[in-house]
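Descriptive structure summary
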Amino acid sequence: MILPIYVYGHPVLRSANADVTPDYPGLQELIENMKETMYYTQGIGIAAPQVGVNARIVYIDVDPLAEDFPELKDCRMVLINPEITVDESAPEVTREEGCLSVPGIHENVQRHEKIHIHWLDENFREHDEDIEGYLSRVIQHECDHLDKTLFIDRISPIRKQLIRGKLNNMVKGKVSCNYRCKFAPHNRKR
Ligand code: NI
């Protein structure tokens, strides 16, 4: 089932996300719905709070980027309760990012190039990996969602000032988007 995307201004994106246990009700269905929603909206990553669920689940499929980054071919991951450690000794890299929850805005974000990540997959098997490059960026962006952080929280104050008007409109539901959105509750009308 394709779910609506919760948009900047909605409190669910700024609420704490709980760890997930194998008995989490409807877990496999939620993961399937997240996948379906992400493919429909043409994202490369999605976190549960973006579909209104405050749980520590991320789905990533960076295969569409394989033309530019061959190492991303067939790279799909379900991350449950991911824990990231950034490699502080590695350089930081700046690249443009966007987010399904912040439609129409793309800004440069500086991030660590290398991370170590520990996570559980959808069968609750443990994984441990060092990841670098573009995938590390996507993982950091998605795991930020689990910590109530959006990429626009990481841009320069000047850029933030420049998009302030667009963000204010987004809170009021004034944004055009080709998928179904949920806006801040006090502004249900478009
Ligand atoms: Ni995002």
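Summarised in this report is the structure supplied together with it. Each chain carries its own residue numbering, running from 1 in the written order of its sequence. In keeping with the predicted nature of the model, local features appear solely for residues at pLDDT of at least 70, side-chain atom pairs appear and are counted solely at 80 or more, and the whole-chain, interface and lining totals rest on all residues. As a rule here, side-chain values cover all heavy atoms of the structure and leave hydrogens and water aside.

Some remarks on a negative patch on the surface
Taken together, the side chains of Glu71, Glu126, Asp128, Glu129, Asp130 and Glu132 present a region of like negative charge at the surface. Three exposure classes are used, based on accessible area relative to the maximum for each residue type with a 1.4 Å probe and protein chains only: buried under 20%, partly exposed in between, and exposed over 50%. Glu126 sits in the exposed class, given a relative accessible area of 59%. The patches reported here contain residues having more than 30% relative accessible area and no salt bridge. Joining distances are 9 Å for like charges and 5 Å for nonpolar side chains (Val, Leu, Ile, Met, Phe, Trp, Tyr). Here, Shrake-Rupley sampling with a 1.4 Å probe gives the accessible areas, and only protein chains in the shown set may cover a residue. By convention in these notes, a salt bridge is any Lys or Arg side-chain nitrogen within 4 Å of a carboxyl oxygen on Asp or Glu. Counting rule applied: Lys, Arg positive; Asp, Glu negative; His and chain ends not counted. By convention, the point assigned to a charge is CZ for Arg, NZ for Lys, CD for Glu and CG for Asp.

Description of the layout of surface pockets
By volume, the largest pocket amounts to about 470 Å³. With a 1 Å grid spanning the protein atoms alone, the term cavity applies to any set of points in which a 1.4 Å probe fits but cannot get out, the term pocket to an open set with protein on both sides within 12 Å along at least five of seven lines, and the term lining residue to any residue with an atom within 4 Å of a point. Taken together, 23 residues form the lining of the largest pocket, with Ile44, Glu97, Gly98, Cys99 and Leu100 sitting closest to its centre. Elements that contribute at least two residues to the lining of the largest pocket include exactly strand E5 (92-97) and helix H2 (134-146). The residue inventory of the lining of the largest pocket, partitioned by class, reads ten nonpolar, nine polar and four charged. Grid points are joined across faces, edges and corners, and a volume is the space filled by probe spheres set on the points. Here the second largest pocket is characterised by a volume of approximately 220 Å³. Surrounding the second largest pocket, 14 residues form its lining, Ile84, Val86, Gln140, Asp144 and Arg154 being those nearest its centre. Secondary structure follows DSSP: runs of H or I at least 4 residues long count as helices, runs of E at least 2 residues long count as strands, and numbering of each begins at the N terminus. Among the elements of the structure, strand E4 (76-86), strand E6 (107-112) and H2 are those that each provide at least two residues to the lining of the second largest pocket. For the lining of the second largest pocket, the leading source of residues is E4, giving four residues. Tallied by class, the residues present in the lining of the second largest pocket amount to four nonpolar, three polar and seven charged. Polar here means any residue other than Ala, Val, Leu, Ile, Met, Phe, Trp, Tyr, Cys and Pro, which are nonpolar, and Asp, Glu, Lys and Arg, which are charged; Gly is therefore polar.

Observations concerning helix H3 (residues 157-171)
The angle between axes fitted to the seven residues ending at a residue and the seven residues starting there is what we call the bend at that residue. For H3, the principal kink sits at Ile163 and spans about 50°. Lys160, Ile163, Leu167 and Met170 are the residues of H3 that are buried. Note on contacts: a residue pair qualifies if any of its non-hydrogen atoms lie within 4.5 Å across the two residues. Considering only its buried residues, H3 is in contact with E6.

Observations regarding H2
Counted at 1.5 Å a residue, the expected span for H2 with its 13 residues is 18 Å, and the 19 Å between its end C-alpha atoms agrees. In terms of burial, H2 is a largely internal element, 13 of the 13 residues being buried. One or two residues past the end of H2 sits Lys148, with phi positive at roughly 65°. One less than the number of residues in a helix, times 1.5 Å, gives the span that helix is expected to have.

Details of the coordination of the nickel ion
The protein atoms that coordinate the nickel ion are Cys99 (SG), His141 (NE2) and His145 (NE2), at distances of 2.1 to 2.2 Å. As a rule, N, O and S atoms within 2.8 Å of a metal are its donors, except that Na, K and Ca use 3.2 Å; water is not among the atoms, so sites may look incomplete. Sequence spacing of the donor residues for the nickel ion, all on one chain, is C-x41-H-x3-H. In this pair, His141 and His145 both sit in helix H2, four residues apart, roughly one turn of the helix. Across the pair, exposure class does not vary: His141 and His145 are buried alike.

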